[in-house]
Amino acid sequence: MKNAVLIFALFFLFNSCKNDSKDVIPEGRVLDDITLKDYFITSIAFDKKGNAWLGTLSQGLIKFDGKAAKVFDSSNSAMSNAAIMDIEVDKAGHIWIGSNDLMEYDGVKFIRYESKQFGLPANHVRSVAIDASDNIWFSCSSFQSGGLVKYDGSTFITFTPANSKLPGNLIQGITIDQSNQVWVAFNDGFDEGSLAKIGLDDIISVVGSKELGFKPYNFGNIVINKNNELVASIDYGLSSLMITGRPQIFKFNGSKSQIVSLPDEQSVIYSTQSIYSDKNGNLWASFSNADKEYGIFNGKEWMFKKLGSSGIFTFAESPAGEMWLGTGDGLYILK
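Residues numbered from 1 in each chain as written. Predicted model: local features only at pLDDT ≥ 70, side-chain atom pairs only at ≥ 80, totals over all residues. Heavy atoms only, no water.

As annotated in an unreviewed UniProt entry, the chain carries the name Two component regulator with propeller domain and is attributed to Dyadobacter chenhuakuii.

(A) Region of the structure containing the overall build of the chain. A count of helices and strands for the chain gives three helices and 27 strands. For the chain, buried positions account for 55% of its 335 residues. For the chain, contacts bridging at least 24 residues in sequence account for 47% of all contacts bridging at least 6. For the chain, the accessible area works out to roughly 14700 Å², and carbon and sulfur atoms hold 48% of it. (Helix = DSSP H or I, 4+ residues; strand = E, 2+ residues; numbered from the N terminus. Buried < 20%, exposed > 50% of the residue type's maximum accessible area, 1.4 Å probe, protein only. Contact = heavy atoms within 4.5 Å. Areas by Shrake-Rupley, 256 points an atom, 1.4 Å probe, with all protein chains shown as cover.)

(B) Focus on the environment of Ile-333. The topology assignment puts Ile-333 in strand β27 (residues 330–334). When its relative accessible area of 6% is taken as the criterion, Ile-333 is described as buried.

(C) Region of the structure containing the side chain of Glu-293. Mapped onto the fold, Glu-293 is located in the loop between β22 (283–287) and β23 (294–297). Buried within the structure, Glu-293 lacks any salt-bridge partner; its nearest side chain of opposite charge belongs to Lys-306, at an N-O separation of 7.8 Å. A distance of 2.8 Å separates the side chain of Glu-293 from the backbone nitrogen of Leu-307, its partner in a polar contact. With residues up to four places along the chain from it excluded, the contact list for Glu-293 reads Ala-285, Ser-286, Phe-287, Lys-305, Lys-306, Leu-307, Gly-308, Ser-309, Gly-311 and Ile-312. (Lys, Arg positive; Asp, Glu negative; His and termini not counted. Salt bridge = Lys/Arg side-chain N within 4 Å of Asp/Glu carboxyl O. Polar contact = N/O pair within 3.5 Å; in protein donor to acceptor, adjacent residues only side chain to side chain.)

(D) Structural view of the side chain of Gln-273. The topology assignment puts Gln-273 in strand β21 (residues 272–277). At 3.2 Å, the side chain of Gln-273 and the backbone nitrogen of Ser-288 are in polar contact.

(E) Examining the sheet that holds strand β6 (residues 95–98) more closely. Judged by pairing direction, the sheet is antiparallel, and its four strands sit side by side in the order β5-β6-β7-β8 without closing on themselves. In the strand order of this sheet, the two ends are held by β5 (86–89) and β8 (110–113), each with one partner. Strand-to-strand twist across the sheet, computed as the mean angle between neighbouring axes with direction ignored, equals 20°. As paired elements, β6 and strand β7 (residues 102–105) share four bridges and run antiparallel to each other. The residue bridging Gly-98 from the neighbouring strand is Leu-102, located in β7. (Pairing = 2+ DSSP bridges. Axes fitted to C-alpha atoms, helices over the stretch in contact; angles between N-to-C directions.)

(F) Molecular detail of the packing of aromatic side chains. Counting across every chain of the model gives 29 aromatic pairs. On the basis of an interplanar angle of 25° and a centroid distance of 5.3 Å, the ring pair of Tyr-217 and Tyr-236 is categorised as stacked. Residue Tyr-217 is located in the loop between α3 (209–212) and β17 (219–224), and its partner Tyr-236 is located in the loop between β18 (230–234) and β19 (249–252); the two are separated by 19 residues in the primary sequence. Here Tyr-217 falls in the buried class, since its relative accessible area comes to 11%. Ring pairing ties together the aromatic residues Trp-96, Tyr-113, Phe-118, Phe-138, Tyr-151 and Phe-156, which thus form one cluster. Over the face of the ring belonging to Phe-304 we find Lys-292, whose NZ or CZ atom lies 5.5 Å from the ring centre. (Phe/Tyr/Trp six-rings, centres within 6.5 Å; stacked < 30°, edge-to-face > 60°. Lys NZ or Arg CZ within 6 Å of the ring centre and 35° of its normal.)

(G) Expanded view of the pairing of strand β26 (residues 323–327). Most of β26 sits out of view: five of its five residues are buried. Alternating residues of β26 divide into Met-323, Leu-325 and Thr-327 and Trp-324 and Gly-326, and every residue in both groups is buried. By the bridge criterion, five bridges tie strand β25 (residues 312–317) to β26 in an arrangement that is antiparallel. Counted as the bridge partner of Glu-317 is Met-323 from β26. Hairpin connection between β25 and β26: a loop of five residues separates the two successive antiparallel strands, and Gly-321 in this loop has a positive phi of roughly 90°. Hairpin connection from β26 to β27: two residues lie between these consecutive antiparallel strands.

(H) Fine view of the sheet that holds strand β9 (residues 128–130). With antiparallel pairing, the four strands of this open sheet are ordered in space as β9-β10-β11-β12. Of all the strands in the sheet, just β9 and β12 (156–159) have a single pairing partner and so form its edges. With strand direction ignored, the average angle separating the axes of adjacent strands in the sheet is 25°. The pairing of β9 with strand β10 (residues 136–142) spans three bridges and is classified as antiparallel. Each residue of the ladder has a partner; that of Ile-130, found in β10, is Ile-136.

(I) View of the environment of Ile-87. One can find Ile-87 in strand β5. Between the alpha carbons of Ile-87 and Val-128 there is a distance of 6.7 Å; along the sequence they are 41 residues apart. Contacts of Ile-87, omitting those with residues within four sequence positions, involve Ser-43, Ala-45, Trp-53, Leu-54, Gly-55, Leu-61, Ile-95 and Trp-96.

(J) Layout of the pattern of salt bridges. Here the structure, examined in full by the defined rule, presents four salt bridges. Salt-bridge contacts for Asp-101 lead to Arg-112; the nearest nitrogen and oxygen are separated by 2.9 Å. On the criterion of sequence distance, the pair formed by Asp-101 in the loop between β6 and β7 and Arg-112 in strand β8 is long-range, its members being eleven residues apart. Grouping residues by exposure puts Asp-101 and Arg-112 together as buried. With a shortest N-O distance of 3.3 Å, Lys-150 and Asp-202 are connected by a salt bridge. Taken as a pair, Lys-150 in strand β11 (residues 145–151) and Asp-202 in the loop between β15 (194–198) and β16 (204–207) lie far apart in primary sequence, 52 residues in all.

Right, here's the structure in full:
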C-alpha cells in the first residue's frame with residue numbers, strides 16, 4: 001500500500017462517494033461513529049498502555065487514548081507535515097515514525113535521524129519494523145538508490161545491492177516473522193517484485209518469481225499471519241491496464257506460494273489497497289472497488305462490507321481486540 005498511498009489518496013479525495021453506513025459491519029462487531037473526522041489516517045500502532053499512535057497524510061502524528069487526541073505537527077514539535085507512512089512501538093514505548101526521515105519519540109522529545117547527519121542513504125522512510133531484539137529496521141531508499149537500514153540503538157548498518165545480496169533498492173514493506181526473521185519486499189521494476197529474508201547473523205536469502213511461481217507486478221504491503229506465513233498484496237495502482245483475473249493477494253510459507261482467490265475475480269476488477277492479519281488469523285483487505293470497500297477472509301470464504309468512507313488505507317488490531325480502520329476521512333473502530 002505505501003507505494004500507492006499518495007496516488008490513492010488524491011483519487012479518493014476527489015472521487016469519493018459517501019454511502020449509508022447502516023448494516024455494513026462484520027457479524028459480531030459494532031461500529032462506532034467515525035472519530036477524528038477529517039483526518040487522513042495512513043498508519044496505526046498501539047503502545048503498552050493502549051494508546052493509539054496514528055500517522056496522517058499531512059496532518060502530523062496523533063496520540064489517541066480512545067477519548068482525547070493530541071496532535072504533534074510542525075507547529076508544536078519537530079514533526080513536519082510530511083506524510084507518515086509507518087509507525088512502530090519498541091519495548092521501551094518509544095514511537096518510531098517513517099516519514100520524510102526516520103523519527104523517534106521517547107515520550108518527551110523527538111529525534112530526527114537525518115540522512116546526512118547519520119550517514120543514511122536517503123531521507124524517505126516508507127516502512128519500519130522492530131524485531132524481538134529491539135533492532136529497528138527501516139527503508140531508506142528510492143528507485144535504484146539506497147536500501148535497508150538496521151539500527152541497534154547505537155550503530156546504523158546499511159544493506160544495499162552493492163554490499164549485500166539484496167535484490168533491489170526500492171523497499172516497499174518490511175515485516176518480522178515469528179522466528180524473528182526479517183522479510184523485505186522490493187519494487188524495482190514492474191513484474192519484477194521480489195522478497196528478501198534476513199535471518200541469523202544477517203544472512204540474506206532472496207525469493208523471486210522462480211520460488212513464488214509467478215511474477216508479482218508490484219508489492220503493496222506484507223504481513224505475517226497466525227500460521228507464520230508471509231502474506232502479500234499486489235499493487236496495480238501504477239498499471240495502465242484495468243483487467244480482471246490478476247493475482248491480488250498471496251501467501252508464502254517459505255517454500256511455495258498460494259494465491260488467495262477472490263470471488264468472481266474473472267469478472268470483477270479488484271484493486272487491493274491494504275491487507276492485515278488479525279490474531280485469529282482472519283485476513284482483512286481493503287479495495288478501491290466501490291462495491292467491495294473491504295473484505296474479511298476466514299480461510300474459506302470472503303465477507304465483503306461497505307464502510308461508507310473515502311478509502312481504507314490501514315488496519316490495526318488494538319490490545320482489546322478492536323479493529324481500527326484508518327480512512328481518508330477519519331478513524332472507524334469495530335468492537
